[in-house]
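# What the coordinates show
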Amino acid sequence: MVKAVFPGSFDPPTYGHVNIIERARSIFEEVLVVVAVNPGKHSVFSPEERMEFMRDIIAPWPNVSLYMYDSLIVDFARKHNCRVLLRGVRSVQDFSYEFELSVMNKGLDPDIETFFMPTDSKYFVLRSSAIKELASFGGDVSTMVPPMVEKALQRFHPDKNNEAGHRTK
Ligand code: ADP
């Protein structure tokens, strides 16, 4: 029986992340979702908000647990007796970044393996950063993120008075 750690910023979580967790939970005995807190990396949502989103998402699944962690993910995995780090891959660009990260993590702890899971084709365009930008222009993100996240993204909505644009000439 194998347990997997699924770490990420989840700023905010999207249906792409949800899909990876849902598929992984039917393969692994347990999936430990880790909201990574990195003071050097700016996040729009606080760690507590990201935890709240994730708690809501994983609530129906008994073999998925949730943690917040602010240090090396291989250390977290070792402490929890997990030998698998799970990462989602949307594109060749993702793969190249994820591959380098996996080599680095392997150097830190050779006993821990990274498993890559390709995104479902329905979700390959979903990117937290693009969704935040779309929401800031008032775009409909309801098919991209869970309802709780959609609601939280409303705080970035544009000034409604600007809907027709400003004529400058
Ligand atoms: P990080 O900052 O650690 O990259 P993210 O929250 O952006 O955290 O992503 C966490 C993991 O989920 C990463 O492996 C990322 O590639 C993967 N991921 C993000 N969006 C998707 C998606 N739409 N489909 C599949 N995997 C995804």
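Attention shifts here to the packing of aromatic side chains. Evaluated as defined, the whole model comprises eight aromatic pairs. Between Phe-45 and Phe-156, the aromatic rings sit 5.9 Å apart at their centres with planes inclined by 80°, giving edge-to-face as the arrangement. Here Phe-156 lies in the segment after helix H6 (147-153) and Phe-45 lies in the loop between strand S2 (30-36) and helix H2 (47-58), a separation of 111 residues in the sequence. Take Phe-156: its relative accessible area is 26%, and that puts it in the partly exposed class.

So, on to the sheet that holds strand S4 (residues 84-89). Spatial strand order, S3-S2-S1-S4-S5: five strands in an open sheet with parallel pairing. A strand with exactly one partner marks an edge of an open sheet, and here the two such strands are strand S3 (64-69) and strand S5 (113-118). Taking each pair of neighbouring strands and ignoring which way they run, the sheet shows an average axis angle of 30°. Relative to S4, strand S1 (residues 3-8) runs parallel, the two sharing two bridges. Directly across from Ala-4, in S4, lies its bridge partner Val-84. Together, S1, S2, S3, S4 and S5 form the strand contacts of helix H1 (residues 15-24), whose direction differs from that of S5 by roughly 115°. Set on the sheet, H2 makes contact with S2 and S3; between it and S3 the angle comes to about 175°.

Cis geometry is adopted by the peptide bond preceding Pro-12, which originates at Asp-11 and carries an omega value of 0°. For Pro-12, the location among the structural elements is in the loop between S1 and H1. In the Ramachandran plot, Phe-10 falls in the positive-phi region, its phi being about 50° despite a non-glycine side chain. Mapped onto the fold, Phe-10 is located in the loop between S1 and H1. Since its relative accessible area comes to 2%, Phe-10 is described here as buried. Of note, the phi angle at Asn-81 is positive, near 55°, even though the residue is not glycine. You can see Asn-81 is positioned in the loop between helix H3 (73-79) and S4.

Not every one of the 17 residues close to the ligand is listed here, only the nearest: Ser-9, Phe-10, Lys-41, Gly-88 and Thr-119. The contact in question runs from an oxygen atom of the ligand to an N or O atom on the side chain of His-17, over 3.3 Å. Between the ligand and Tyr-123 there is a distance of 3.0 Å, counted from a nitrogen atom to a backbone nitrogen or oxygen. Contact with the protein chains removes 89% of the 550 Å² of surface that the ligand exposes when unbound. Looking at the shell around the ligand, the elements with two or more residues in it are S1, H1, S4 and helix H4 (92-108). Split into classes, the residues belonging to the shell around the ligand amount to six nonpolar, six polar and five charged.

About the cut-offs
- Residues numbered from 1 in each chain as written.
- Predicted model: local features only at pLDDT ≥ 70, side-chain atom pairs only at ≥ 80, totals over all residues.
- Heavy atoms only, no water.
- Phe/Tyr/Trp six-rings, centres within 6.5 Å; stacked < 30°, edge-to-face > 60°.
- Helix = DSSP H or I, 4+ residues; strand = E, 2+ residues; numbered from the N terminus.
- Buried < 20%, exposed > 50% of the residue type's maximum accessible area, 1.4 Å probe, protein only.
- Pairing = 2+ DSSP bridges.
- Axes fitted to C-alpha atoms, helices over the stretch in contact; angles between N-to-C directions.
- Contact = heavy atoms within 4.5 Å.
- Near = heavy atom within 4 Å.
- Polar contact = N/O pair within 3.5 Å; in protein donor to acceptor, adjacent residues only side chain to side chain.
- Areas by Shrake-Rupley, 256 points an atom, 1.4 Å probe, with all protein chains shown as cover.
- Nonpolar A, V, L, I, M, F, W, Y, C, P; charged D, E, K, R; others polar.

Limitation: the analysis is restricted to geometry and does not speak to function.
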